[in-house]
Amino acid sequence: WCKSRLRILHVHPDGRSLSWKPALGEPSTNKRPPKLDLSTCKEVRHAWSPDPENPMFTGTPILRQKCEAANAHKSFALIFPKRTVDITAVTADQCKVLMEGFSALCFRLQVANAAANTGSGSGGDDAKKKVGEDAEEDRATASVTLTNNSTMGGGASPSKMLGFKKSFR
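To keep things clear, this report deals only with the structure shown in the data block. Here the structure is a predicted model, which is why all the values come from computation and not from measurement.

### Some thoughts on the overall build of the protein chain
Then step 1. Secondary structure summary: the protein chain contains four helices and eight strands in total.
Then step 2. Sequence separation of 24 or more characterises 46% of the internal contacts of the protein chain that already satisfy a separation of 6 or more.
Then step 3. Total accessible area on the protein chain is roughly 10900 Å²; 54% of this is exposed by carbon and sulfur atoms.

### Notes on the pattern of salt bridges
A side chain with one charge can pair with a side chain of the opposite charge if their charged atoms come near.
Then step 1. Taken as a whole and judged by the stated rule, the model has four salt bridges.
Then step 2. We note a salt bridge from Asp 51 to Arg 45, for which the minimum N-O separation is 3.3 Å.
Then step 3. Accessibility expressed as a relative area gives 3% for Asp 51, which makes it buried.
Then step 4. Among the residues examined, Arg 45 registers a relative accessible area of 7% and is labelled buried.
Then step 5. Residue Asp 51 pairs with Arg 64 through a salt bridge whose shortest N-O separation is 3.0 Å. Taken together, the residues span a long stretch of sequence, with Asp 51 in strand β5 (residues 50-51) and Arg 64 in helix α1 (residues 61-66) at a distance of 13 residues. Per residue, the accessibility class of Asp 51 equals that of Arg 64, and both read buried.
Then step 6. Each of Glu 43, Arg 45, Asp 51 and Arg 64 takes part in a single network of salt bridges with overlapping partners.

### Some thoughts on the sheet that holds strand β1 (residues 7-11)
Adjacent strands of a sheet form backbone hydrogen bonds with each other and so pair up, either parallel or antiparallel.
Then step 1. An order of β1-β2-β3 is seen for the three strands of this open sheet, with the pairing classed as antiparallel. Pairing within the sheet leaves two strands with one partner each, and these edge strands are β1 and β3 (36-37).
Then step 2. Relative to β3, strand β2 (residues 17-22) is paired through two bridges, and the arrangement is antiparallel. For Ser 17, the partnering residue across the bridge sits in β3 and is Asp 37.

### A word on the nonpolar core
Then step 1. Of all hydrophobic cores here, the largest spans 17 residues; its most connected members are Leu 38, Val 44, Phe 76, Leu 78, Phe 80, Val 85 and Phe 102.
Then step 2. Looking at this core, the elements that each hand over two or more residues are β2, β7 (75-79), β8 (84-88) and α2 (92-118).
Then step 3. Among the elements that take part in this core, α2 stands out by supplying five residues, more than any other.
Then step 4. Non-local contacts of Phe 80, meaning those with residues more than four positions away in its chain, are made with Leu 36, Asp 37, Leu 38, Thr 40, Cys 41, Lys 42 and Val 85.
Then step 5. One finds Ala 47, Leu 63, Ala 77 and Ile 79 within the second-largest nonpolar core, a separate group that totals six residues.

### A word on the sheet that holds β8
Then step 1. The strand order across the open sheet built from three strands is β4-β7-β8, with neighbouring strands paired in antiparallel fashion. Each edge of the open sheet carries a strand with a single partner, namely β4 (43-46) and β8. With strand direction ignored, the average angle separating the axes of adjacent strands in the sheet is 20 degrees.
Then step 2. Note that β4 and β7 share four bridges and pair antiparallel. In the strand pairing of β7, Arg 45 is matched with Ala 77.

Calculation notes
Residues numbered from 1 in each chain as written. Predicted model: local features only at pLDDT ≥ 70, side-chain atom pairs only at ≥ 80, totals over all residues. Heavy atoms only, no water. Helix = DSSP H or I, 4+ residues; strand = E, 2+ residues; numbered from the N terminus. Contact = heavy atoms within 4.5 Å. Areas by Shrake-Rupley, 256 points an atom, 1.4 Å probe, with all protein chains shown as cover. Salt bridge = Lys/Arg side-chain N within 4 Å of Asp/Glu carboxyl O. Buried < 20%, exposed > 50% of the residue type's maximum accessible area, 1.4 Å probe, protein only. Pairing = 2+ DSSP bridges. Core = buried A, V, L, I, M, F, W, Y, C linked by side-chain atoms within 4.5 Å. Axes fitted to C-alpha atoms, helices over the stretch in contact; angles between N-to-C directions.

See below:
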């Protein structure tokens, strides 16, 4: 699949698989898009959220490379074990809704997996509690990012504050 094109996201009827297709008028190929298991999504990260692997920067390496600074406020990544799916929404409000929706869906799928893997014993509650604590921590981070309406100041350029390279095409 080509990168950086308009896509229509599709959550399959099973409620756990994500794929996409080109938007009307966009080029298409004969290749099938990947079908990603949302229960394996490790994180939903806004472009302005700190990158835990590189705390001096925000977002993900691909978002920093490909996302224009003007679109960062409406961009986020679904982080899977071996790849990311980087999404720029049409509006900041749509970005917030999509992030909250994907976060909730991925969390519920992970809770369901944890419950299924532990059986009906008391260990299931501990697994749910642990997954719940992790997801709550992630949601708190996303919430802080999404409600940050302050203007950037302090003399640093917006591109440096966002962790983006200065040269954009």
